[in-house]
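Reading the structure
Residues per chain are reported as follows:
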Amino acid sequence: MRIDVLTIFPRMFEGPMTEAILYRAQEVGLVDLRVHDLRDYTTDRHRTVDDYPFGGGPGMVMKPEPLFAAVDAVTAVAGRPQRIILTTPQGRVFDQDLAWELSRQRHLLIICGRYEGVDERVREALVTDEVSIGDYVLTGGELPAMVIIDAVVRLIPGVVGGEESVYQDSFEDGLLEGPQYTRPREFRGLAVPEVLLSGHHEAVRRWRRRQALRRTLERRPDLLARARLTDEDRAMLEELRREGPVL
Ligand code: ADE
C-alpha cells in the first residue's frame, strides 16, 4: 500500500513512523509511506500555506493552491489515490470498521488539517473522506493521521506476525478482550485463574468468552448492541446480568 501524507510538520512523523511494526512494514515493502512538506508546494517567497478567512473572523485557513499542487504531484507519479482523507474533528469518527475498509485500498493520501480549517474547495474537489479520531480537539491533524496509519497498516496481510492475533483483538467481533496472564503462575500472592492452567481447551475458550462478555458489559455496554453474538454468548450474558457486577 502506498500512503502519502501532506503536512506542514513532516518531522512530527519521524519517530512514530520509523520504529517497530510500522518501520518493518516499510522495510519489507508492504507499505510505501511518503510524508510531504506542504511548503514545498508553495510558489511564494514566504512559502505561505495559510491565509485570512474571507468575510473575517478568527484564525487562519489553509490555502487551496499548495494542497491541489501536492495532490497533482502525487497523482503524476503514482496515480490518483483511491481515498483522499482530511483529518478534522468534523469528520466521521474513526473505528475498526473504517480501519479495515482503508486497509483494502492500494493508495491513500492523508491531508493533515491545521488552523481553523481548510478552504472548502479542497473538501469539494479533492477530499473523499473526512475523518475524526474522537470527540476532542487537537492542535492539528498530524497525530490523527498517525493514528489512522497505525491502525490501518497493522491490518495489511503480512505486517503483523501471527495473523490470528489481529482477528482476536478487541473490537474485531465487537467485544473487548478479556484478561491475559503470563508466567509466573503466582506473583505477590496473586494467582492465575486455575482454568487457564488446566489444559482443557474447551473450558479455556468458554472462560475467555465469558470474560470478554463481562468486560464489555461492565465497561462498554454500548458495544453489545452491535456485537456479533452467538446463542451461547446470549446465554452467558443473561447469566452475567443476573449475577450483577463483580468488583
Ligand atoms: N484535528 C484536530 N482534532 C482532530 C480530531 N479529533 N480528529 C481528527 N483531526 C483533528
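Note that the coordinates shown come from a computational prediction; the quantities given were computed from them, not determined experimentally. (Residues numbered from 1 in each chain as written. Predicted model: local features only at pLDDT ≥ 70, side-chain atom pairs only at ≥ 80, totals over all residues. Heavy atoms only, no water.)

1. What about the site of the ligand?
Around the ligand, the neighbouring residues are Thr 87, Thr 88, Pro 89, Val 131, Ser 132, Ile 133, Gly 134, Tyr 136, Val 137, Leu 138, Gly 140 and Pro 144. For the ligand, a nitrogen atom lies 3.0 Å from a polar atom in the backbone of Ile 133. The fraction of the free accessible surface of the ligand (260 Å²) that becomes covered by protein chains is 96%. When residues of the shell around the ligand are traced back to their parent elements, those giving at least two are β5 (83–93) and β8 (129–132). The leading source of residues in the shell around the ligand is β5, at three residues. The class makeup of the residues in the shell around the ligand is seven nonpolar, five polar and no charged. (Near = heavy atom within 4 Å. Polar contact = N/O pair within 3.5 Å; in protein donor to acceptor, adjacent residues only side chain to side chain. Areas by Shrake-Rupley, 256 points an atom, 1.4 Å probe, with all protein chains shown as cover. Helix = DSSP H or I, 4+ residues; strand = E, 2+ residues; numbered from the N terminus. Nonpolar A, V, L, I, M, F, W, Y, C, P; charged D, E, K, R; others polar.)

2. Side note on the pairing of strand β6 (residues 107–112)
Burial within β6 is extensive, with six of its six residues counted as buried. Taking every second residue as pointing to the same face, both faces of β6 are buried, with His 107, Leu 109 and Ile 111 on one and Leu 108, Ile 110 and Cys 112 on the other. Of the pairings in the sheet, the one linking strand β1 (residues 2–7) to β6 comprises five bridges and is parallel in character. Looking at β6, one finds that Val 5 is bridged to Ile 110. The pairing of β5 with β6 spans five bridges and is classified as parallel. Looking at β6, one finds that Thr 87 is bridged to Cys 112. (Buried < 20%, exposed > 50% of the residue type's maximum accessible area, 1.4 Å probe, protein only. Pairing = 2+ DSSP bridges.)

3. Brief notes about the domain arrangement of the chain
Domain boundaries assigned for the chain yield domain 1 (2–163) and domain 2 (170–243). Computed over C-alpha atoms only, the centres of domain 1 and domain 2 are separated by 37 Å. (Domains from an automatic or database assignment.)

4. Side note on the pairing of β1
In terms of burial, β1 is a largely internal element, six of the six residues being buried. The alternating pattern of β1 places Arg 2, Asp 4 and Leu 6 on one face and Ile 3, Val 5 and Thr 7 on the opposite face, and all of these are buried. In this structure, β1 lies alongside strand β2 (residues 32–37), joined through six bridges in parallel fashion. Within β2, the position partnered with Val 5 by the bridge is Val 35. In this fold, the crossover linking β1 to β2 by way of helix α1 (residues 20–27) has right-handed handedness. (Right-handed = clockwise from strand over helix to strand, strands pointing away.)

5. Structural notes on helix α2 (residues 64–78)
Given 3.6 residues per turn, any residue in an α-helix points the same way as the ones three and four places further on. In this model α2 runs 21 Å from its N-terminal to its C-terminal C-alpha over 15 residues, within 8% of the 21 Å that 1.5 Å per residue would give. For α2, the full list of buried residues reads Pro 64, Pro 66, Leu 67, Ala 70, Val 71 and Val 74. Structurally, α2 contributes buried residues whose contacts are with β1, β2, β4 (61–62), β5, β6 and α4 (120–125). Count one or two residues on from α2 and you reach Gly 79, which has phi positive near 80 degrees. (Expected span 1.5 Å × (residues − 1). Contact = heavy atoms within 4.5 Å.)

6. Things to note about the nonpolar core
Core analysis: the largest hydrophobic core is formed by 31 residues, its most contacted members being Ile 3, Phe 94, Leu 102, Ile 149, Val 152 and Val 153. When contributions to this core are tallied by element, the ones reaching two or more residues are β1, α1, α3 (96–103), β6 and α5 (142–153). Looking at this core, the element that brings in the most residues is α5, giving seven residues. Counting 17 residues, the second largest nonpolar core, distinct from the first, contains Val 49, Met 62, Ala 70 and Val 71. (Core = buried A, V, L, I, M, F, W, Y, C linked by side-chain atoms within 4.5 Å.)

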